[in-house]
Amino acid sequence: MNLQSSIKGFLSGVAVGIFVAMIFWSYSAFSHVSIPLSQGIIGTLLLAISCGIIATIGGIDKLMDKFPPI
């Protein structure tokens, strides 16, 4: 696995993580649950980085198989 494909895998995993975090955050707004901005940003970053690492190591296909259907 070369560096360029690893970077692409990481960035695609980060994009998936940010998308999932945005969905969770919109559900909290819909439910009238107030999430502090700092907690939302830290949670989004943690989710995005962990999804990026999983996508780099295991592949984006395995990452997408783990998420439930939306």
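Note that the coordinates shown come from a computational prediction; the quantities given were computed from them, not determined experimentally.

Basis of the calculations
- Residues numbered from 1 in each chain as written.
- Predicted model: local features only at pLDDT ≥ 70, side-chain atom pairs only at ≥ 80, totals over all residues.
- Heavy atoms only, no water.
- Helix = DSSP H or I, 4+ residues; strand = E, 2+ residues; numbered from the N terminus.
- Contact = heavy atoms within 4.5 Å.
- Expected span 1.5 Å × (residues − 1).
- Buried < 20%, exposed > 50% of the residue type's maximum accessible area, 1.4 Å probe, protein only.

1. Some points on the environment of I18
1) Next: You can see I18 is positioned in helix α1 (residues 3-30).
2) Next: Residues I18 and G43, spaced 25 residues apart in sequence, show a C-alpha to C-alpha distance of 9.8 Å.
3) Next: In this view, I18 contacts T44 and A48; residues no more than four positions away in its chain are not counted.

2. Quick notes on unusual backbone geometry
1) Next: The residue H32 is not glycine, and still its phi comes out positive at about 60°.
2) Next: Summarising the element assignment, H32 is placed in the loop between α1 and α2 (37-58).

3. As for α1
1) Next: Between its first and last C-alpha atoms α1 spans 41 Å; for 28 residues at 1.5 Å apiece the expected length is 40 Å, and the two agree.
2) Next: Restricting attention to buried positions, one finds in α1 the residues S6, G9, G13, V14, V16, G17, V20, A21, I23 and S28.

Function cannot be read off these values alone, since they describe shape.
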